[in-house]
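Structural features, examined
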Amino acid sequence: MKIVNQNTIQAVGVTHDPDIKKKVLISKGEIHKLMMFGSATLKPGQKVTPHSHETMTEVFYIQKGKALFTVNGEDHILEKGHCITIEAKELHSQENPFKEPVEWLYFGIALD
C-alpha cells in the first residue's frame with residue numbers, strides 16, 4: 001500500500017517546458033505498464049509544444065478551467081469534467097489561451 005498527499009509533493013517542471021509544473025503521484029515502475037500518474041497546472045499563456053509518444057497512451061482529466069488540446073492538427077477545447085485519451089504516435093500539444101489557470105490529472109500507459 002502507498003498513500004500520497006498531493007499537498008506535500010514538490011512540483012517539478014515537465015520535460016516539454018520546465019516552467020510548467022507537475023506533481024507526480026505515482027512514478028514509472030510502481031505499477032506495471034503505468035508510466036506516470038500526476039497533476040499539472042498551465043497558467044494563462046503557457047503551452048506544451050507538439051510531440052508524440054511512440055510507446056505510450058496518455059489520458060488527461062480536466063479538474064479546473066479549460067485548455068486547448070490539438071491532436072493530429074484538430075483543435076479541442078476541454079473544460080472541467082472532460083477526459084481525453086491520446087493514443088501512442090498521435091501528435092498533440094496543449095495550451096492555455098484563457099484567462100484562468102487550467103488543472104488536470106493525467107497518466108500514461110505503456111503499450112505491450
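Structure: see above.
What you see is a predicted model, and the numbers here were worked out from it, not measured in a lab.

Right, let's get into the environment of A40. Mapping A40 onto the fold places it in strand β3 (residues 34–42). Non-local contacts of A40, meaning those with residues more than four positions away in its chain, are made with K21, K22, V102, E103, W104 and Y106.

Right, let's talk about the side chain of H51 for a bit. Along the chain, H51 falls in strand β4 (residues 47–51). For H51, a relative accessible area of 11% puts it in the buried group. A distance of 2.8 Å separates a polar atom in the side chain of H51 from the backbone oxygen of T49. One polar contact links H51 to H53, side chain to side chain, over a distance of 3.3 Å.

This next bit is on the packing of aromatic side chains. Considering all chains together, one arrives at five aromatic pairs under this definition. On the numbers, 5.2 Å between centres and 70° between planes, the contact of F60 with F69 is edge-to-face. Across the pair, exposure class does not vary: F60 and F69 are buried alike. With 5.3 Å between their ring centres and 55° between their planes, F69 and W104 make a pair best called tilted. On the criterion of sequence distance, the pair formed by F69 in strand β6 (residues 66–71) and W104 in strand β10 (residues 102–110) is long-range, its members being 35 residues apart. Take F69 and W104: they sit in the same class, and that class is buried. An aromatic cluster of at least three residues, connected via ring pairs, comprises F60, F69, W104 and Y106.

A few words on the nonpolar core. Among the nonpolar cores identified, the biggest contains 17 residues, and F60, F69, I84, W104 and Y106 are the most heavily contacted of them. Contributing elements (two or more residues each) for this core: β3, β5 (56–64), β6, β8 (83–86) and β10. Contact partners of F69, with chain neighbours within four places excluded, come to F60, I62, E74, D75, H76, L78, I84, I86, S93, Q94 and W104.

Time to look at the sheet that holds strand β7 (residues 74–79). Across the sheet, four strands lie side by side as β4-β9-β6-β7; this open sheet has antiparallel pairing. Both edges of this open sheet fall to β4 and β7, since each of them pairs with a single strand only. Strand-to-strand twist across the sheet, computed as the mean angle between neighbouring axes with direction ignored, equals 20°. When β6 meets β7, the two strands line up antiparallel, connected through six bridges. What sits directly across from F69, in β7, is H76.

Once that is clear, we can look at the sheet that holds β5. Two modes of strand pairing occur in sheets, parallel and antiparallel, and in both the strands are linked by backbone hydrogen bonds. Pairing within the open sheet is antiparallel, and its six strands lie in the order β1-β2-β3-β10-β5-β8. Two strands lie at the open edges of the sheet, namely β1 (12–14) and β8, each paired on one side alone. Looking at each pair of strands side by side, their axes are set apart by 35° on average, direction ignored.

The rules we used
- Residues numbered from 1 in each chain as written.
- Predicted model: local features only at pLDDT ≥ 70, side-chain atom pairs only at ≥ 80, totals over all residues.
- Heavy atoms only, no water.
- Helix = DSSP H or I, 4+ residues; strand = E, 2+ residues; numbered from the N terminus.
- Contact = heavy atoms within 4.5 Å.
- Buried < 20%, exposed > 50% of the residue type's maximum accessible area, 1.4 Å probe, protein only.
- Polar contact = N/O pair within 3.5 Å; in protein donor to acceptor, adjacent residues only side chain to side chain.
- Phe/Tyr/Trp six-rings, centres within 6.5 Å; stacked < 30°, edge-to-face > 60°.
- Core = buried A, V, L, I, M, F, W, Y, C linked by side-chain atoms within 4.5 Å.
- Pairing = 2+ DSSP bridges.
- Axes fitted to C-alpha atoms, helices over the stretch in contact; angles between N-to-C directions.

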